[in-house]
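Listed here are the chains, written in short residue letters.
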Amino acid sequence: MNNFVYSAPTAVYFGKGEEERVGKLIKDLGVKMVLIHYGTNSAKQSGLIDKVKSLLDAENLKYTELSGVVPNPELSLVRKGIELCTAEKVDFILAVGGGSVIDSAKAIANGVANPEFDVWDFNLKKAAPVKTLKKGAILTLSAAGSEMSSSCVITNEKTGMKRGYNSPCNRLDFAIENPELTYTVSAYQTACGAVDIAMHTIERYFCKGEDTYLTDSIAEAVIRSVMKAGKDAIDNPTDYSARANMMWASSLAHNDLTHCGRGFSLTVHQLEHELSGMYPEIAHGAGLAALWCSWARYVYKDCMDRFLQFAENIFSLKVNNENPEKTVLDAINLQENYYKSIGMPTSLRELNIKENDLEELAMRCSFGKTRILDGYKKLGYDDILTIYKMAY
């Protein structure tokens, strides 16, 4: 087991009606001015934004609002939010929504608190935030895990570049998680969420490391649980148990718990960021589903033992000692069949990716042939292009 530092400072308030706490939680932080940040329609139409306002009013908290966050949150809205918060002297940002809204809120908070830097430089890793505004979230979509992660992913819509970075400044002060708020999430978005949640841990599971059987057991439980919960929530959208287990898995899968003692490299996420950067209409979870099986078939020979453990403990397959490769390939096929069963794509063609864009995607992912993606099998430009072609 490798040395590690584990910190999960975000306070989670989980369960039915927990959003009723939001006014008092913010008031207790000594806040004077709140930005309510949300997406386009659903949070407003559901009445949740009006409810939030009434809860802030009850605590005599001042607020302003900024809507318009889209999937793959955009740099231009982040810049607009920084200007608004600076002008209104905002000292707390409340994200009401899913991972896109939360990531946008993180970027705004970091941009306001570090005016000496251009906010996009954080995502390009040319600079790092040294402070941030206080912030919290009311989660309405189980997927990205941004509510407990140190990650912030933003898309520069002018260049089609989608980039993320990790920082302690990206941790929320609190996250409110009421599974009932996800009842109206569509079957497609629920499926995308299930893929993204599981992938946050599946990718950690396949990072380099040894003798991490406790971490492995936690990771395997998260993967199995979210695969079941996602399918159950699709079949019955108001199944509280399914929605609750899926929401909690979202937080655990991306708060670093499931890779303690192992390396960290979310390779398939890097491959997918180029897809939804170039094609912003692609849902992140759908892109991950379209890529993972091709990545797995390309790299499995370099980490056979790990894939055999995955086959045994996720899919209950008995290892074929005479032909262990068959066991691994059977497990990958079962993962692919799961994606199909919940309506997810398993090829780039299904996402309407143009075949003549594959080389450009590989060039972007490899940073112009200068970046090597880490893992049991290191991936350069040629490897990345091969995986995109296999997935087509």
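These figures come from a predicted structure and were not determined experimentally.

Definitions and cut-offs
- Think of each chain on its own: its residues are numbered from 1, step by step along the sequence as written.
- Only residues with pLDDT of at least 70 get local features here, since the model is predicted, and only at 80 or more are side-chain atom pairs given and counted; chain-wide, interface and lining totals rely on the full set of residues.
- Excluding hydrogens and water, the side-chain values take into account all heavy atoms of the structure.
- Only runs of H or I of at least four residues qualify as helices and only runs of E of at least two qualify as strands under DSSP, and these elements are numbered from the N terminus.
- All radius of gyration figures rest on C-alpha atoms, and the globule criterion is 2.2 Å times the number of residues raised to 0.38.
- We call a residue buried when its accessible area falls under 20% of the maximum for its residue type, exposed when it is over 50%, and partly exposed in between, using a 1.4 Å probe and counting protein chains only.
- Shrake-Rupley sampling with a 1.4 Å probe provides the accessible areas, and residues are treated as covered by the protein chains on show and by no other component.
- Following DSSP output, two strands are said to pair if at least two bridges run between them.
- Put simply, a nonpolar core is a bunch of buried Ala, Val, Leu, Ile, Met, Phe, Trp, Tyr and Cys residues held in one set by side-chain atoms that sit within 4.5 Å of each other.
- Like-charged residues are merged into a patch within 9 Å and nonpolar side chains (Val, Leu, Ile, Met, Phe, Trp, Tyr) within 5 Å, provided each residue has over 30% relative accessible area and no salt bridge.
- The rule for a salt bridge is simple: a side-chain nitrogen of Lys or Arg has to be within 4 Å of a carboxyl oxygen of Asp or Glu.
- Where helices are involved, their axes are fitted lines through C-alpha atoms of the stretch in contact, as for all axes, and angles between N-to-C directions lie from 0 to 180°.
- Here a residue-residue contact requires only that any non-hydrogen atoms of the pair lie within 4.5 Å.
- Contacts described as polar in this section are N or O atom pairs within 3.5 Å, which, within protein, must combine one atom able to donate a hydrogen with one able to accept it, while residues neighboring in sequence count only if both atoms come from side chains.
- The span you would expect from a helix comes to 1.5 Å times its residue count less one.
- In this description, one arc is meant: the one made by directions from the helix axis to the C-beta atoms.

Asker: Any chance you could break down the overall build of the chain for me, citing the residues and the numbers?
Answerer: Looking only at helices and strands, the chain features 15 helices and 8 strands. Here the C-alpha radius of gyration of the chain, 20 Å, is about what a compact globule of 392 residues would show, namely 21 Å. Its C-alpha atoms give the chain principal-axis dimensions of roughly 70 × 45 × 40 Å. Evaluated residue by residue, the chain yields a buried proportion of 57% over its 392 residues. For the chain, the exposed area adds up to about 16200 Å²; of that, 49% sits on carbon and sulfur atoms.

Asker: Got a sec to walk through the pairing of strand S8 (residues 174-177)? Specific residues and values, please.
Answerer: By the alternation rule, side chains of S8 split into Phe174 and Ile176 and Ala175 and Glu177, which are all buried. In the sheet, strand S1 (residues 11-14) pairs with S8 via 4 bridges, with the strands oriented parallel. By the bridge assignment for S8, Tyr13 is matched with Ile176.

Asker: I'd like a rundown of the nonpolar core, residues and numbers included.
Answerer: Note on soluble globular proteins: their nonpolar side chains tend to be buried together. One finds Trp292, Trp295, Phe307, Leu348 and Tyr388 to be the most contacted residues of the largest nonpolar core, which totals 69 residues. Sorting elements by how many residues they give to this core places helix H11 (residues 284-299) first, with 10 residues. Ranked by size, the runner-up nonpolar core spans 31 residues in total, among them Met33, Cys85, Ile108 and Ala127.

Asker: Pulling in residues and values, what's your account of unusual backbone geometry?
Answerer: In this structure, Asp256 takes a positive phi of about 85 degrees despite not being glycine. Its place among the elements puts Asp256 in the loop between helix H9 (240-253) and helix H10 (267-278). One non-glycine residue, Ser316, lies in positive phi territory at about 55 degrees. Relative to the helices and strands, Ser316 resides in the loop between helix H12 (304-315) and helix H13 (324-341).

Asker: Please provide a residue-by-residue account of a nonpolar patch on the surface, values included.
Answerer: Together, Met1, Phe4 and Tyr6 give the surface a local cluster of nonpolar side chains, amounting to about 310 Å² of exposed area. For Phe4, the location among the structural elements is in the segment before S1. Accessibility expressed as a relative area gives 43% for Phe4, which makes it partly exposed.

Asker: Talk me through the pattern of salt bridges; I want residue IDs and the actual numbers.
Answerer: Tallying each qualifying case throughout the model produces 20 salt bridges. For Arg21, the salt bridge goes to Glu18, with nearest N and O atoms at 2.4 Å. Notably, a salt bridge pairs Glu65 with Lys44, separated by 3.9 Å at the nearest N-O pair. Of this pair, Glu65 sits in strand S3 (residues 62-66) while Lys44 sits in helix H2 (residues 42-45), and the two are 21 residues apart along the sequence.

Asker: Tell me about the sheet that holds S3, and please be specific about residues and values.
Answerer: Across the sheet, 6 strands lie side by side as S1-S8-S5-S4-S2-S3; this open sheet has parallel pairing. The open sheet has two free edges, formed respectively by S1 and S3, since each of these has just one partner strand. Here the strands of the sheet are splayed against their neighbours by 20 degrees on average, with no regard to which way each runs. Contacts from helix H3 (residues 48-58) reach strand S2 (33-38), S3, strand S4 (92-97) and strand S5 (134-139), with the element oriented near 170 degrees to S2. In the packing of helix H5 (residues 99-113) onto the sheet, the strands contacted are S2, S3, S4 and S5, and the crossing angle to S4 comes to about 165 degrees.

Asker: Can you tell me about the side chain of His284, naming the residues and giving the values?
Answerer: Mapped onto the secondary structure, His284 falls in helix H11. The exposure class assigned to His284 is buried, which follows from its relative accessible area of 16%. At a separation of 3.5 Å, a polar atom in the side chain of His284 contacts the side chain of Asp196.

Asker: Could you give me a rundown of helix H4 (residues 75-88), with the residues and numbers involved?
Answerer: For H4, built from 14 residues, the straight-helix expectation of 20 Å at 1.5 Å per residue is met to within 8% by its first-to-last C-alpha distance of 20 Å. Of the positions making up H4, those classed as buried are Leu75, Leu77, Val78, Gly81, Ile82 and Cys85. Buried residues in H4, looked at end-on, bunch into an arc of 155 degrees, giving them a common side. When the buried face of H4 is taken as reference, the exposed residues oriented beyond 90 degrees from it are Glu83 and Ala87. Contact partners of the buried residues in H4: S2, S3, S4, H5, helix H6 (119-123) and strand S6 (151-156). Phi for Lys89, located one or two positions after H4, is positive at around 55 degrees.

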